[in-house]
Amino acid sequence: MASTSSSIVFDDIFTINAIDKDGKKFDRVSRLYARSKNYDMDLTLDYNIELFPLVNGDSFAMALASSLSRDGSAPTADGEDGEDKDRDVWRPDGKGRRGLEEDYDYVMYGKVYKFDTGSSDIVTAYASFGGLLLSITGSYRHLTNVVLGDPVYVLLRK
């Protein structure tokens, strides 16, 4: 799991079990179903197949992060020391500071919108990334840092 000084709230390696098992609904989007290697988590994720092509049986690393900042600090609104240290961590012109996105191939920004408690210690967290959905199910111990209503980044790499 991630350390407390990092902005990563969950990370693991997943192996894809199925893609679009309920049929393909959109041209450029697929839904993958995967199982994690370390924490026995189940993942369902919508992703852009043109930007991040995957096939059944592929393994990939996935991280959930509260910020793209490498040191885990949240952006400050008051601009301490005359500047906002985490402002523009990622910028399309490349002038911002380098963040976690540099280590991954595919990044989406969204919000945790639902948190379900299932049987015993099993929970499911749901997040939306502009309509692309994520659900991750497993032991609550591994999802304690995922907070309902908080913004979240999903970062993927092969």
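For the structure itself, consult the block above.
Residues numbered from 1 in each chain as written. Predicted model: local features only at pLDDT ≥ 70, side-chain atom pairs only at ≥ 80, totals over all residues. Heavy atoms only, no water.

**Observations concerning the overall build of the protein chain**
Here's step 1: Assigned secondary structure in the protein chain consists of zero helices and eight strands.
Here's step 2: Starting at the N terminus and walking to the C terminus, you meet the elements of the protein chain as β-β-β-β-β-β-β-β.
Here's step 3: Per-residue burial for the protein chain yields a buried fraction of 41% across its 158 residues.
Here's step 4: For the protein chain, long-range pairs separated by at least 24 residues make up 58% of all intrachain contacts whose partners lie at least 6 apart in sequence.
Here's step 5: Carbon together with sulfur atoms contributes 48% to the accessible area of the protein chain, which is approximately 8900 Å² in total. (Helix = DSSP H or I, 4+ residues; strand = E, 2+ residues; numbered from the N terminus. Buried < 20%, exposed > 50% of the residue type's maximum accessible area, 1.4 Å probe, protein only. Contact = heavy atoms within 4.5 Å. Areas by Shrake-Rupley, 256 points an atom, 1.4 Å probe, with all protein chains shown as cover.)

**Looking at the nonpolar core**
Here's step 1: Within the largest apolar cluster, 31 residues are counted, with the highest numbers of intra-cluster contacts made by Leu43, Phe60, Met62, Leu134 and Ile136.
Here's step 2: Going through the elements one at a time, strand 1 (8-19), strand 2 (29-36), strand 3 (42-48), strand 4 (59-65), strand 5 (106-117), strand 6 (122-129), strand 7 (132-139) and strand 8 (151-157) are the ones with two or more residues in this core.
Here's step 3: With residues near it in sequence (within four places) discarded, Phe60 still touches Asp12, Ile13, Phe14, Ile16, Leu32, Ala34, Leu43, Leu54, Leu156, Arg157 and Lys158. (Core = buried A, V, L, I, M, F, W, Y, C linked by side-chain atoms within 4.5 Å.)

**Looking at the pattern of salt bridges**
Here's step 1: The full count for this structure, using the stated rule, is eight salt bridges.
Here's step 2: Close ionic contact of Asp42 with Arg35 constitutes a salt bridge, the shortest N to O distance being 2.8 Å.
Here's step 3: Note that Lys114 is salt-bridged to Asp116, the shortest N-O span being 3.8 Å.
Here's step 4: Residue Lys114 is classed as partly exposed on the basis of its relative accessible area, which comes to 37%. (Salt bridge = Lys/Arg side-chain N within 4 Å of Asp/Glu carboxyl O.)

**Some details on empty space enclosed by the protein**
Here's step 1: Across all of its chains, the model carries one cavity of 30 Å³ or more by this definition.
Here's step 2: Roughly 40 Å³ of volume is contained in the largest cavity.
Here's step 3: Lining of the largest cavity is provided by Leu64, Val112, Ala125, Tyr126, Ala127, Leu134, Ile136, Val146 and Val152.
Here's step 4: For the lining of the largest cavity, the elements supplying multiple residues, two or more each, are strand 6 and strand 7.
Here's step 5: Take the lining of the largest cavity: its biggest share by element is three residues, from strand 6.
Here's step 6: A breakdown of the residues in the lining of the largest cavity according to their chemical character gives nine nonpolar, no polar and no charged. (1 Å grid on protein atoms, 1.4 Å probe; cavity = no way out; pocket = protein on both sides within 12 Å on 5 of 7 lines; lining within 4 Å. Points joined across faces, edges and corners; volume = space filled by probe spheres on them. Nonpolar A, V, L, I, M, F, W, Y, C, P; charged D, E, K, R; others polar.)

**Re the layout of surface pockets**
The gaps of empty space that remain are located by a probe, the size of a water molecule, rolled over the atoms.
Here's step 1: If you add up the space inside the second largest pocket, you get close to 200 Å³.
Here's step 2: Taken together, 15 residues form the lining of the second largest pocket, with Asp20, Lys25, Phe26, Arg31 and Asp46 sitting closest to its centre.
Here's step 3: For the lining of the second largest pocket, the elements supplying multiple residues, two or more each, are strand 2 and strand 7.
Here's step 4: For the lining of the second largest pocket, the element with the highest residue contribution is strand 2, accounting for four residues.
Here's step 5: Looking at the lining of the second largest pocket residue by residue, the classes come out as five nonpolar, three polar and seven charged.

These figures come from the coordinates and say nothing about function on their own.
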